[in-house]
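Fold and contact review
Below, each chain spelled out in residue letters.
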Amino acid sequence: MNTSPAPTQERLETRIRQVQEATRGISEQYPRSYIRQCIDQDRFPEEMWKALGEYGLLGLSVPEHFGGSGGGVVEIVALAEALALGGVPTLFLVVTGLGRVPIVRHGTPEQIKKFVTPTCDGSVKLCFAITEPNAGTNSFNMNSLATRDGDDWVLNGQKVFISGARDADIMLVIARTQKPSEVKHRTDGMSLFVVDMKTPGITLQQLNIQVETAERQYMVFFDNVRLPADALIGEAGKGAKLMFEGLNSERLLAAAAALGIGDYALGKAVAYAQDRKPFGKPIGSYQALQHRMALAKAELEAARLMTYSAAERFDAGEDAGAHANMAKLLASRAAVAAVEAAIQTHGGYAFDRDYDVVTLWPMVRLMEIAPINNEMLMNYIGEHVLGLPKSY
Ligand SMILES: Cc1cc2nc3c(=O)[nH]c(=O)nc-3n(C[C@H](O)[C@H](O)[C@H](O)COP(=O)(O)OP(=O)(O)OC[C@H]3O[C@@H](n4cnc5c(N)ncnc54)[C@H](O)[C@@H]3O)c2cc1C
């Protein structure tokens, strides 16, 4: 496809290309077979993560004076897309990208140096915990509670589905510091903490989740976990607003990962469709397959434009909420369509794990549900963009 950019697009495309070229070096050194080996061995892709740090890619979107590589949301989104396009999507990048936003924006210089700077070379890994078993999508209903004890905080509660909790050194946790009955508005009384995973009182239970990524998911229990005063990011009770600033960029990282996997799957489909000839000519010449792939490609490209447009808005300091929500909605749907096209094209072989086609499906399907389900995104668009009554 001719991807020559329109003049106004040129600067954006240059920013994206620079990241893509740097990332290609990593995904060639650590291809999909490497990630699949890590998955089989149930281990974190430590070597790849270290290389991403050494190349300065993990430092993208963190200002250089804090030890990062500079750039903005566009660059880290480009990294997420490029890794997925190389067949090595990583959920850890999504949660790291999200988790660092509120710390960089609202942490003290000491907190940024302590919690963010070492994530830029990969020496410290950060995971993110918001989801709770009973609250689910309705995060404001969470029960985890941190109470003051002198200068310290004491955290009790439970989180679920936490990606990479075993491999992380620190975890960004959002918890209540006031019970819902003690606040005027349900968005008040929540606070953000950075928790050292070695703190006594934290236990993990691995979940049996069927998504082909090297990061596993965990139930995390906090039992009287004592946090020092500097674990609190920003003002106590105002954590919800800080968290939402990070969640918009997380949506874009998820969108980018979906786009990359979608294109990766289409690449496999096209190669197979050129080669496979049960009736003597390539199955890629049949319109039923060709149009399905063509439509998926068009939808991926449209979602990609939306994703980078939202990332640019984010970097320009504009309110990118609506665009980020639309981008994640469209990208996840386009990616599912692309993987479905790849499955159809591969016929029965799609279900042979060694062909690595059906194995792409859980991850893209997940992107329709996490980090936030598409219904909530449509709720947002319906209410805040179209001005319709709140539907839930
Ligand atoms: C592989 C994986 C990795 C994850 N990683 C993390 C992580 O690192 N950190 C973290 O904090 N969480 C993580 N999550 C949690 C994820 O963000 C949640 O699963 C997701 O937000 C949905 O919550 P739930 O599963 O409780 O669904 P529920 O809230 O029970 O919702 C179920 C379904 O109901 C529908 N629904 C719910 N509410 C509405 C509504 N208001 N309007 C319309 N429809 C609605 C949607 O279709 C939704 O899919 C992960 C989950 C998975 C599976």
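The shown structure was predicted, so the numbers you read here are calculated from the model rather than taken from an experiment. (Residues numbered from 1 in each chain as written. Predicted model: local features only at pLDDT ≥ 70, side-chain atom pairs only at ≥ 80, totals over all residues. Heavy atoms only, no water.)

**Thoughts on the site of the ligand**
The ligand sits among 21 residues. The nearest are I130, T131, T137, F161 and S163. In the model, an oxygen atom of the ligand is placed 2.5 Å from a nitrogen or oxygen of the T137 side chain. N379 is positioned such that a nitrogen or oxygen atom in its side chain is 3.0 Å from a nitrogen atom of the ligand. Secondary structure elements with two or more residues in the shell around the ligand: β1 (126–129), β3 (152–163) and α11 (374–385). Its residues assigned to classes, the shell around the ligand comprises 13 nonpolar, seven polar and one charged. Counting residues domain by domain, the shell around the ligand receives three or more from each of domain 2 (127–238) and domain 3 (241–385). (Near = heavy atom within 4 Å. Polar contact = N/O pair within 3.5 Å; in protein donor to acceptor, adjacent residues only side chain to side chain. Helix = DSSP H or I, 4+ residues; strand = E, 2+ residues; numbered from the N terminus. Nonpolar A, V, L, I, M, F, W, Y, C, P; charged D, E, K, R; others polar. Domains from an automatic or database assignment.)

**Quick look at the UniProt feature "domain: Acyl-CoA dehydrogenase/oxidase C-terminal" (unreviewed entry) in the protein**
Per the UniProt record, the feature "domain: Acyl-CoA dehydrogenase/oxidase C-terminal" (unreviewed entry) sits at residues 237–385. Within residues 237–385, the helical portion is 74% and the strand portion 0%, while the C-alpha atoms at the span's ends are 28 Å from each other. (UniProt positions renumbered as here; feature names shortened; annotations may be inferred.)

**Focus: the packing of helix α7 (residues 239–275) against helix α8 (residues 287–315)**
Two elements in contact, α7 and α8, have axes separated by 10 Å at closest approach and are oriented at 155°. The orientation of α7 relative to α8 falls into the category roughly antiparallel. As α7 packs across α8, the resulting crossing turns out to be left-handed. Each residue belonging to the contact of α7 with α8 can be placed in one class, and the counts come to 15 nonpolar, four polar and five charged. (Axes fitted to C-alpha atoms, helices over the stretch in contact; angles between N-to-C directions. Parallel < 35°, antiparallel > 145°, perpendicular 65-115°, else oblique. Left-handed = near helix turned anticlockwise from the far one by under 90°.)

**Digging into the nonpolar core**
As a rule of thumb, soluble globular proteins bury nonpolar side chains together. Among the nonpolar cores identified, the biggest contains 63 residues, and L52, L155 and M171 are the most heavily contacted of them. Top element by residues in this core is helix α4 (residues 73–85). It accounts for eight residues. Beyond its immediate sequence surroundings of up to four residues, L52 is in contact with I26, L57, L58, L79 and L83. Formed by 36 residues, the second largest nonpolar core is a distinct cluster that contains L259, L289, A335 and A350. (Core = buried A, V, L, I, M, F, W, Y, C linked by side-chain atoms within 4.5 Å. Buried < 20%, exposed > 50% of the residue type's maximum accessible area, 1.4 Å probe, protein only. Contact = heavy atoms within 4.5 Å.)

**A word on the domain arrangement of the protein**
Segmentation of the protein into domains returns domain 1 (7–124), domain 2 (127–238) and domain 3 (241–385). For domain 2 and domain 3, the distance between their C-alpha centres works out to 30 Å. Listed per partner, the contact involves 13 residues of domain 2 and 14 residues of domain 3. A combined buried area of about 1100 Å² lies between domain 2 and domain 3, and 74% of that area is made up of carbon and sulfur atoms. A per-residue breakdown of the area domain 2 buries against domain 3 is headed by T137, V211 and E212, which together make up 41% of the total. Taken together, domain 2 and domain 3 are joined by one salt bridge. Our enumeration of links across domain 2 and domain 3 arrives at three residue pairs in polar contact (both at pLDDT 80 or more). The residue inventory of the side of domain 2 that touches domain 3, partitioned by class, reads seven nonpolar, four polar and two charged. (Buried area = accessible area lost by both parts, 1.4 Å probe. Salt bridge = Lys/Arg side-chain N within 4 Å of Asp/Glu carboxyl O.)

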